[in-house]
Amino acid sequence: MSYTALYRKYRPQNFTDVKGQDAIVTTIRNQIHAGRIGHAYLFCGTRGTGKTTIAKIFAKAVNCEHPIEGSPCGECASCRAIAAGNSMNVIEIDAASNNGVDNIREIRDEVAYAPTEGRYKVYIIDEVHMLSIGAFNALLKTLEEPPSYVIFILATTEAHKIPVTILSRCQRYDFRRITIDTISERLQELLLLEQAEAEEKAVRYIAKAADGAMRDALSLLDQCMAFYMGEKLTYDHVLQVLGAVDTERFSRMFRAVIGSQITLVMQQIEEMVAEGRDLSQFVGDFTWYLRNLLLLQSSDDMEDVLDVSSENLALLKEECKMADSAQLMRFIRIFSELSSQVRYSTQKRILIEIAMIKLCRPQMEEDTSSILARLTQLEKKIEEGVIQPAAPAQAAALAASKQQGLAEESGSIKPEMPKAISEDILQVVKNWRSITAQMPDAIRKFLSKARLSVGEGNVLLLVLDDFILSEMLSEEERKREITDTISKSIGKEIQIQIKHNDTGQPFEKAYADLEQVVHMPIEYEEFSD
């Protein structure tokens, strides 16, 4: 016999088995028990919250020969036929693939015929928001005045896409996300039935990863149990199967960010990539971790709100004192923006690395929150004695010296051009656009911001005003890619150096501009961020 997935095997067959939708279940049962059955219902809510399941139980209940307080008995011929999918009284339609006018016209023609057995014909239209405008118009009249023996149940995850004329003719029920506690309890029940063992911490993580959807939780549990068949399901097992990151790593990452230890942060990202962790999930989970820190910092009575173990709670309480609320909100803002960018990006790692550098170095940004973070860092260094505040006389002398230096730098003195520039470098400059066109998209995008100059020993300088981009291009793999592409283009190997323009001056005043040598501006391909 073929294997049946857990979410199909344990799909609720009556209202008492439905978890997490008590208000909706109670209302519908009372309607059926009192005989106050409506002709059209709209079930709205996120995936896996029980919309289709309750619709099928509803269909069984209204046709049941021996209903028990509004709930189907599950034993009569009608209940068994509907459960087996053989009943002619329950018609399920997937609007995603049957969304045309002709499909709805077929329904309109069919409703003219009364059911041969049972009391009601129930039409369950799933993903109803996928119907075309013409199909909605064709459904409208039938939905408004259907025969007494017809019930429509429309299910959707996007109620805002349904026309108001349809909404006004239906009883609307909004399905809530199911809580982590409710999902955990249900998973524990099913583990007993399946005679399988699992750590409570592992079960709760699966419940949290399901994001309020019972069906997703059962699918994830099924996946984890299949990977570790016959073994006790542990927390580490779940993390490995789902590609998730342990809370302890979030703690180490946060401490490294607070300490501005960029090298340590990059090493941890490298570890996650090597272990095959899901980077998109890491971004979402780390944002949640920062949210927990902010909540703990905001109030002392947040233990009930945070769904964490006692040992993790103690760790969070310690770490929330390491940063102020402005810092945490800045971190959350950066990672919230990152989550939408990472979702569709092919360069997830690069985006995450850039975001981490922003967290460690607020001077890379110029918004108010970043300036406050920079001031906080300076205050901390002064308190620790890393920076000694200057005496008033020293500060005045330093300011005067700085002003004099700036005045000299802002003069008309330009850097000297080397007396002899090699033909190889000149050839690279003349063909720079065609050379960069041969490079991978990410490197080409970075190089579009670079300016060409020449250093001692006829070294080709690629100068960037952006520190992060210069760091990215300085990585051995990317630098090798640039060198190899240049060598293939001109037939010779030249030495290059990636340099960050940290002089505080425009490129033209700080470096020899090779564009002047070839007497032609280099055209850079435009990229949108």
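Located above this text is the structure these notes cover.
Here the structure is a predicted model, which is why all the values come from computation and not from measurement.

Q: Please explain unusual backbone geometry as it appears in this structure.
A: Apart from glycine, the bulk of residues carry a negative phi angle, and the bulk of peptide bonds sit in the trans form. With phi around 55°, Asp 211 is a residue other than glycine that occupies positive phi space. Position of Asp 211 relative to the elements: it lies in the loop between α9 (200–209) and α10 (214–227). Unlike most non-glycine residues, Ser 260 shows phi in positive territory, near 55°. Here Ser 260 shows up in the loop between α12 (247–258) and α13 (262–274).

Q: Explain the sheet that holds strand β4 (residues 150–156) to me, please; I cannot follow it from the model alone.
A: Taken in spatial order, the five strands line up as β2-β3-β4-β1-β5 in an open sheet, and their pairing is parallel. Strands with a single pairing partner mark the edges of an open sheet, and in this sheet they are β2 (90–94) and β5 (171–174). Strand-to-strand twist of the sheet, defined as the mean angle between neighbouring strand axes without regard to direction, takes the value 15°. Note: strand β3 (residues 121–126) against β4, five bridges, orientation parallel. Pairing of Lys 121 across the sheet is with Val 150, part of β4. Sheet strands touched by helix α2 (residues 22–34): β1 (40–44) and β5. Its angle to β5, the strand with the most contacts, is close to 150°.

Q: Just to check I follow, could you spell out the nonpolar core for this structure?
A: Counting 69 residues, the largest nonpolar core has Phe 254, Phe 282, Phe 286, Met 356, Ile 482 and Ile 486 as the members making the most contacts within it. Those residues within four positions of Ile 482 in sequence are excluded, and the remaining contacts are Met 439, Ile 443, Leu 447, Leu 462, Leu 473, Ile 496 and Ile 498. Of all hydrophobic cores here, the second largest spans 29 residues; its members include Ala 202, Met 214, Tyr 235 and Ala 244.

Q: Where do I start with the side chain of Asn 89 in this structure?
A: Position of Asn 89 among the secondary structure elements: in the loop between α4 (77–84) and β2. At 2.3 Å, the side chain of Asn 89 forms a polar contact with the backbone oxygen of Glu 117. In contact with Asn 89, other than residues within four places in its own chain, are Asn 63, Pro 115, Glu 117, Gly 118, Tyr 120, Lys 121 and Val 122.

Q: For this particular structure, what's the right way to read the pairing of strand β7 (residues 459–464)?
A: Where a strand is regular, its side chains alternate between the two sheet faces. A large share of β7 lies buried, amounting to six of its six residues. Neither face of β7 is left uncovered, since the one carrying Val 459, Leu 461 and Val 463 and the one carrying Leu 460, Leu 462 and Leu 464 both have all their residues buried. With five bridges connecting them, strand β6 (residues 451–455) and β7 associate as antiparallel partners. Residue pairing in the sheet places Val 454 in a bridge with Leu 460 of β7.

Q: I tried to follow the packing of aromatic side chains on my own but got confused; where do I start?
A: How two aromatic rings sit relative to each other is set out by the distance from centre to centre and by the angle between their planes. This structure, assessed with the given rule, holds 14 aromatic pairs. Ring centres 5.2 Å apart and planes at 55° place the aromatic pair Phe 43 and Phe 175 in the tilted group. With Phe 43 in strand β1 and Phe 175 in the loop between β5 and α8 (180–193), this residue pair connects regions lying 132 residues apart in the sequence. Note on Phe 43: relative accessible area 0%, which makes it buried. Between Tyr 205 and Tyr 235, the aromatic rings sit 5.9 Å apart at their centres with planes inclined by 80°, giving edge-to-face as the arrangement. Of this pair, Tyr 205 sits in helix α9 while Tyr 235 sits in helix α11 (residues 235–242), and the two are 30 residues apart along the sequence. Site record: aromatic cluster; members linked through ring pairs are Tyr 41, Phe 43, Phe 58, Tyr 173 and Phe 175. Against the face of Tyr 235 rests Lys 201, its NZ or CZ located 4.2 Å from the ring centre. The lysine or arginine in question, Arg 291, covers the ring of Trp 288, its NZ or CZ lying 4.4 Å from the ring centre.

Q: Could you clarify how one ought to interpret the packing of α13 against helix α17 (residues 348–360) in this entry?
A: Angle between the axes and distance between the axes: these two values describe a pair of packed helices. Between α13 and α17, whose axes approach to 10 Å, the crossing angle comes to 155°. Taken together, the axes of α13 and α17 lie roughly antiparallel to each other. In the packing of α13 onto α17, the handedness of the crossing is right-handed. Each of Ile 262, Val 265, Met 266, Ile 269, Glu 270 and Val 273 in α13 lies in contact with α17, whose residues at this interface are Arg 349, Ile 352, Glu 353, Met 356, Ile 357 and Cys 360. When the residues that make up the contact of α13 with α17 are grouped by side-chain class, the tally is nine nonpolar, no polar and three charged.

Q: It is not clear to me how the sheet that holds β6 should be interpreted in this structure. Could you clarify?
A: The pairing of strands in a sheet comes from backbone hydrogen bonds and takes either a parallel or an antiparallel form. Taking strand neighbours across the sheet as the criterion, the three strands line up as β6-β7-β8 in an open arrangement whose pairing is mixed. Each edge of the open sheet is held by one strand with a lone partner, namely β6 and β8 (496–500). Strand after strand, the sheet turns through a mean of 35° between neighbouring axes, direction not considered. In the packing of helix α23 (residues 467–474) onto the sheet, contacts are made with β7 and β8, and the angle to β8 comes to roughly 155°. Contacts from helix α24 (residues 476–490) reach β7 and β8 within the one sheet, and its direction differs from that of β8 by about 135°.

Rules of the game
Residues numbered from 1 in each chain as written. Predicted model: local features only at pLDDT ≥ 70, side-chain atom pairs only at ≥ 80, totals over all residues. Heavy atoms only, no water. Helix = DSSP H or I, 4+ residues; strand = E, 2+ residues; numbered from the N terminus. Pairing = 2+ DSSP bridges. Axes fitted to C-alpha atoms, helices over the stretch in contact; angles between N-to-C directions. Contact = heavy atoms within 4.5 Å. Core = buried A, V, L, I, M, F, W, Y, C linked by side-chain atoms within 4.5 Å. Buried < 20%, exposed > 50% of the residue type's maximum accessible area, 1.4 Å probe, protein only. Polar contact = N/O pair within 3.5 Å; in protein donor to acceptor, adjacent residues only side chain to side chain. Phe/Tyr/Trp six-rings, centres within 6.5 Å; stacked < 30°, edge-to-face > 60°. Lys NZ or Arg CZ within 6 Å of the ring centre and 35° of its normal. Parallel < 35°, antiparallel > 145°, perpendicular 65-115°, else oblique. Left-handed = near helix turned anticlockwise from the far one by under 90°. Nonpolar A, V, L, I, M, F, W, Y, C, P; charged D, E, K, R; others polar.

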